[in-house]
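Residues per chain are reported as follows:
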Amino acid sequence: AQKNLSPVVVNHQVTRKTRVALALLPEWGAHIPPYNLARITALSRSSGFATKSYDINVACYDQCDKTYWGGYKDWKWTSDDYYTEVHPMIEPVLLDYLEQIIEFAPDVVGFSIYDTSNRATTWMIQQIKSRLPNVKILAGGPQAIKEKIEDTSLIDHVVVGEGELIFLDLLEKIEAGIEVPDKVLYHDKGIRIDLDSLPYPDYSDFKLHLYNQNGVSAELSRGCVAKCQFCSETNFWRYRGRQAGNIVDEIEYQYRTLDIKSVWFIDSLVNGNLKELRAFAQGVVERGLKIQWQGYARCDGRMDLEYYKDLKASGCNMLNYGIESGSQKVLDLMKKNITVEEIESNMRDAAE
């Protein structure tokens, strides 16, 4: 068992009056439902708060010109072209969802913000605040972490870092009428959230047929076991993994209830704990879960051909490796802690 993990304590069977809406605005990937929204939705609902989540991004993708969700046009979401070209296209969809949110009458609205969704989110916040002046607006996500949210004037709280503990604490205080004076709330990096203590992500509000892939996201771990010279990952959060049995239970639950066919692991690396990853793969096979799964990985010489065969048998059909260089000198300067021989061995075995 891993030591020094902080469980997220969910107070079940409590009647709450605070209503929570969660939203993701465009532009973001439309290939799979947003994990962050599903994770926070589950946490809120499990704690007794009436909660509704809205993937407005995929609705816009479904109803608008899909070329704006690709590499050739995604820059338009962050430039002045957004106001002249993009916003007029998506505004009818945004207005429809604005009315849905207003009708739900939330006390709290939370947004996960990316650089490409900054401007659409700002517009939505302005509209909601003008209609529901007393609503509390929360913001998290990469733009919050980078402290580059376009306009924070109407946002009550910005959450920087892992959001689960802070989010739950904020909801409890809002429910109790306790004022939180700080606008920007930072997660203490010394506190590692126990991922096995969290409820399974809740995808029930999402229209799964709108996504390019019939699947969901999941996580085996957070953080990274390496300390590569160029990477911010270890500065952002400290590594911890999940127990294989817990993640297999979650994937089986999503497989049986949602009839999913694929899982995208959002981990920085799926193979930070080789023993648990193999146990996960073997568990998928034992339970007869016919899925395909993908994720990011580190090259590791301890993964031999037999190891790769176990991953393949469980449905692993793609691993993205951060190899960086074929020069041992450069790898050493980067502190990659890997040899060219290990890289070549992994590539050969994976290909086979």
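A short tour of the structure in this document, coming up.

What counts and how
Sequence order as written defines residue numbering, which begins from 1 separately in each chain. At least 70 in pLDDT is required for a residue's local features to be given in this predicted model, at least 80 for side-chain atom pairs to be given and counted, and no such filter applies to totals for whole chains, interfaces and linings, which use all residues. By convention in this description, side-chain values take in all heavy atoms of the structure and omit both hydrogens and water. Only the stretch in contact is used when fitting a helix axis, every axis being a line fitted to C-alpha atoms; angles between N-to-C directions are given from 0 to 180 degrees. The helix count covers DSSP runs of H or I at least four residues long, the strand count covers runs of E at least two residues long, and both are numbered beginning at the N terminus. Between 65 and 115 degrees an angle is taken as roughly perpendicular, under 35 as roughly parallel, over 145 as roughly antiparallel, and anywhere else as oblique. The crossing is said to be left-handed when, going from far helix to near helix, the turn is anticlockwise and less than a right angle, and right-handed when the turn is clockwise. Pairs of residues are marked as contacts when any of their non-hydrogen atoms sit within 4.5 Å. When residues are sorted by character, Ala, Val, Leu, Ile, Met, Phe, Trp, Tyr, Cys and Pro go into the nonpolar class, Asp, Glu, Lys and Arg into the charged class, and all the rest, Gly among them, into the polar class. Here a salt bridge means any side-chain nitrogen of Lys or Arg lying within 4 Å of a carboxyl oxygen belonging to Asp or Glu. Think of it in three bands: with a 1.4 Å probe and only protein chains considered, a residue is buried below 20% of the maximum accessible area for its type, exposed above 50%, and partly exposed in between. For Phe, Tyr and Trp, where Trp contributes only its six-membered ring, two rings pair if their centres lie within 6.5 Å, and the inter-plane angle classes them as stacked under 30 degrees, edge-to-face over 60, or tilted in between. Ring-over charges, as used throughout, are those where CZ of Arg or NZ of Lys falls within 6 Å of the ring centre and within 35 degrees of the ring normal.

Further remarks concern the packing of helix α8 (residues 244–258) against helix α9 (residues 274–286). At a closest axis distance of 8 Å, the pairing of α8 and α9 adopts a crossing angle of 40°. Taken as axis vectors, α8 and α9 run oblique relative to one another. Here the hand of the crossing between α8 and α9 comes out right-handed. Where α8 abuts α9, its residues Ala244, Ile247, Val248 and Ile251 lie against Glu276, Ala279, Phe280, Gly283 and Val284. Within the contact of α8 with α9, the residues separate by chemical class into 7 nonpolar, 1 polar and 1 charged.

In the structure shown here, the tally under the stated rule is 27 salt bridges. Note that Glu162 and Arg222 form a salt bridge whose closest N and O atoms lie 2.7 Å from each other. Highlighted residues: Glu162 in the loop between β6 (157–160) and α6 (164–176) and Arg222 in strand β10 (residues 221–222), separated in sequence by 60 residues. An identical accessibility class is assigned to Glu162 and Arg222; each is buried. Arg240 is paired through a salt bridge with Glu162; the nearest N and O atoms lie 2.9 Å apart. Residue Arg240 is located in strand β11 (residues 240–241), and its partner Glu162 is located in the loop between β6 and α6; the two are separated by 78 residues in the primary sequence. As far as burial versus exposure is concerned, Arg240 and Glu162 are alike and both buried. A network of salt bridges, in which partner residues are shared, links Arg39, Glu162, Glu164, Glu219, Arg222 and Arg240.

So, on to the packing of aromatic side chains. Within the structure shown, the criterion is met by 12 aromatic pairs. Judged by centre distance (5.4 Å) and plane angle (90°), the rings of Phe265 and Phe280 are edge-to-face. Taken as a pair, Phe265 in strand β12 (residues 262–265) and Phe280 in helix α9 lie far apart in primary sequence, 15 residues in all. Each member of the pair, Phe265 as well as Phe280, carries the same accessibility label: buried. What links up through ring pairs into an aromatic cluster is the set Tyr61, Trp69, Trp77, Tyr82 and Tyr83. The side chain of Arg19 reaches across the aromatic face of Phe104, ending 4.3 Å from its centre.

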